[in-house]
Amino acid sequence: LPRNWEPPEASFWNGGNVFFGAVSTDCATNPARAVRSLFPSEAQHQIVALATRPPEELDRPVPAWSITELTAEVHKQEIVDSISRSTVWRLLDQAEIKPHKWSYWLNSPDPEFEEKMLHIVDLYLHPPENAVLLCLDEKTAIQALERKYADLPMEPGKPCRREHSYIRHGTKDLLGAFEVSSGTVYGQLHDGHSSPYWEMFLKDLVARYPKDQKIHLIQDNFSTHSTPGLCRLITELCEVPLPKLKTQKERRQWLTTEDKRIVFHYLPTHASWLNQIEIWFSALSKRFLKRSSFHSLQELKEKIMQFIQYYNMEFAHPYAWTYTGKPLAVGTLVKNL
């Protein structure tokens, strides 16, 4: 306010005067806008770009940035005159950059990755007509763990508590098939997942469907999925002659031909995320295996088969596959502070 400003007087209806001590509508103010220290877009982008660079490139002996170190580096490079840790954090948050987090990434060396991936996606989005589509895989080394002491039940304000000590009773391998159209699961438990076990599993799986039903099988590139014994089994089940197949490449090419009742579809290497049964294996682990205690291998086998039957009766449903093969994009853009 101007130094010579004095509060005005206002008249009441009765002719008296009153002093406005708090607010005055007659006070003249400076119309000029207050100066704000906004960070220009170029500086914001420089800070975000700096956060994506490894700290080792800037002579900092740490594998990942902390907000304090990143703020110090911004000052060191004089990107802006001054900036606080909270402002740097907001910039990274708006760009969805999280230096404190990391996840595993598996590179696929498959030169035909794109073609194979799009083929599997097309099978999910446009299943073959008058045929059944199944996703197959193994969940190996399922441990029969027995907790030494019983769990303490949950109480108000306390979760269920579990003793960390356990007794090992061995392992079993689960060979499973997920029916894409219905979400039902078929599984067998064996002492391993070698070729004889896989052939036994596949023979029993095919027997569950009518002989005139065409079957499409999605599976990974594990060696037991293209053995000479498997090819002989397919000739028996499809009642077709067995050609001369000397190499694994020739066997896989023959298994994927459409002129048989049973058709194989192989995933790209290192692309198990395309196999829908992996989603169900995750549900098996979270909903059943992690919270269970088994006194023997036989009990493990019986309870897993009971869970599969229970799941098929109560929860089986087809997964809503939405991935179309197109690149995914992050939607949030960097905004001005």
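One can find the structure itself at the top, above this paragraph.
1. What about helix H7 (residues 248-255)?
Listing the buried residues of H7 in full gives Arg-251, Arg-252, Trp-254 and Leu-255. The arc that holds the buried residues of H7, viewed along the axis, is 160 degrees, so those residues lie on one side. Of the surrounding secondary structure, the elements contacted by the buried residues of H7 are helix H6 (228-238) and strand S7 (262-266).

2. Some remarks on helix H3 (residues 85-94)
Looking at H3, one finds that the buried residues are Thr-87, Val-88, Leu-91, Leu-92 and Gln-94. Seen end-on, H3 carries its buried residues on one side only, within an arc spanning 165 degrees. Elements in contact with the buried residues of H3: helix H1 (41-51) and helix H2 (67-76). At the exit of H3 stands Glu-96, carrying a positive phi of roughly 55 degrees.

3. A look at the packing of H6 against H7
With their axes 10 Å apart at the nearest point, H6 and H7 run at an angle of 25 degrees to one another. Taken together, the axes of H6 and H7 lie roughly parallel to each other. Where H6 crosses over H7, the two elements pack in a sense that is left-handed. Along the contact surface, H6 presents Pro-228, Leu-230, Cys-231, Ile-234 and Thr-235, while H7 presents Arg-251, Trp-254 and Leu-255. Residues belonging to the contact of H6 with H7 are distributed by class as follows: six nonpolar, one polar and one charged.

4. Let's talk about the pattern of salt bridges
If you walk through the whole model with that rule in mind, you get eight salt bridges. Two residues, Arg-162 and Asp-151, come together in a salt bridge whose shortest N-O distance is 2.9 Å. With a gap of eleven residues between them, Arg-162 in the loop between strand S3 (131-147) and strand S4 (166-179) and Asp-151 in the loop between S3 and S4 connect regions that are remote in the sequence. We classify Arg-162 as partly exposed; its relative accessible area is 29%. Using a relative accessible area of 28% as the deciding quantity, one classes Asp-151 as partly exposed. Here Glu-155 makes a salt bridge to Arg-161, at a shortest N to O gap of 3.5 Å. Judged by relative accessible area, which is 41%, Glu-155 ranks as partly exposed. Classification of Arg-161 by relative accessible area gives partly exposed; the value is 33%.

5. Quick word on unusual backbone geometry
A positive phi angle, near 55 degrees, is found at Glu-96, a position not held by glycine. Even without being a glycine, Glu-239 presents a positive backbone phi close to 55 degrees. Among the secondary structure elements, Glu-239 is positioned in the loop between H6 and H7. By relative accessible area, which is 71% here, Glu-239 ends up exposed.

6. Points about the sheet that holds S7
Spatially, S5-S4-S3-S6-S7 is the arrangement adopted by the five strands of the open sheet, whose pairing is mixed. Only two strands of the sheet have a single partner each, and these edge strands are strand S5 (185-190) and S7. This sheet shows a mean twist of 30 degrees between the axes of neighbouring strands, independent of strand direction. Here five bridges tie S3 to strand S6 (residues 214-219), and the two strands are oriented parallel to one another. Looking at S6, one finds that Ala-131 is bridged to Lys-214. Against the sheet, helix H4 (residues 113-125) makes contact with S3, S6 and S7, and its axis sits at roughly 130 degrees relative to S7, the strand it touches most.

7. Focus on the packing of aromatic side chains
Applying the stated criterion across every chain yields a total of 14 aromatic pairs. Plain terms: the ring middles of Trp-280 and Phe-307 are 6.3 Å apart, the flat faces sit at 40 degrees to each other, and that makes the pair tilted. In this pair, Trp-280 is assigned in helix H8 (residues 277-287) and Phe-307 in helix H9 (residues 297-314), connecting sequence segments 27 residues apart. Each of the two residues, Trp-280 as well as Phe-307, counts as buried. Between the aromatic rings of Tyr-311 and Phe-315, the centroid separation amounts to 6.5 Å while the plane-to-plane angle is 35 degrees, which identifies the pairing as tilted. Tyr-311 gets classed as buried once you look at its relative accessible area, which sits at 4%. Under the relative-accessibility criterion, Phe-315 is labelled partly exposed at 31%. Here the aromatic residues Trp-280, Phe-281, Phe-288, Phe-294, Phe-307, Tyr-310, Tyr-311 and Phe-315 are joined through ring pairs into a cluster of three or more.

What counts and how
- Residues numbered from 1 in each chain as written.
- Predicted model: local features only at pLDDT ≥ 70, side-chain atom pairs only at ≥ 80, totals over all residues.
- Heavy atoms only, no water.
- Buried < 20%, exposed > 50% of the residue type's maximum accessible area, 1.4 Å probe, protein only.
- Helix = DSSP H or I, 4+ residues; strand = E, 2+ residues; numbered from the N terminus.
- Arc of directions from axis to C-beta.
- Contact = heavy atoms within 4.5 Å.
- Axes fitted to C-alpha atoms, helices over the stretch in contact; angles between N-to-C directions.
- Parallel < 35°, antiparallel > 145°, perpendicular 65-115°, else oblique.
- Left-handed = near helix turned anticlockwise from the far one by under 90°.
- Nonpolar A, V, L, I, M, F, W, Y, C, P; charged D, E, K, R; others polar.
- Salt bridge = Lys/Arg side-chain N within 4 Å of Asp/Glu carboxyl O.
- Pairing = 2+ DSSP bridges.
- Phe/Tyr/Trp six-rings, centres within 6.5 Å; stacked < 30°, edge-to-face > 60°.

Functional significance is not addressed by these values, which are geometric in nature.
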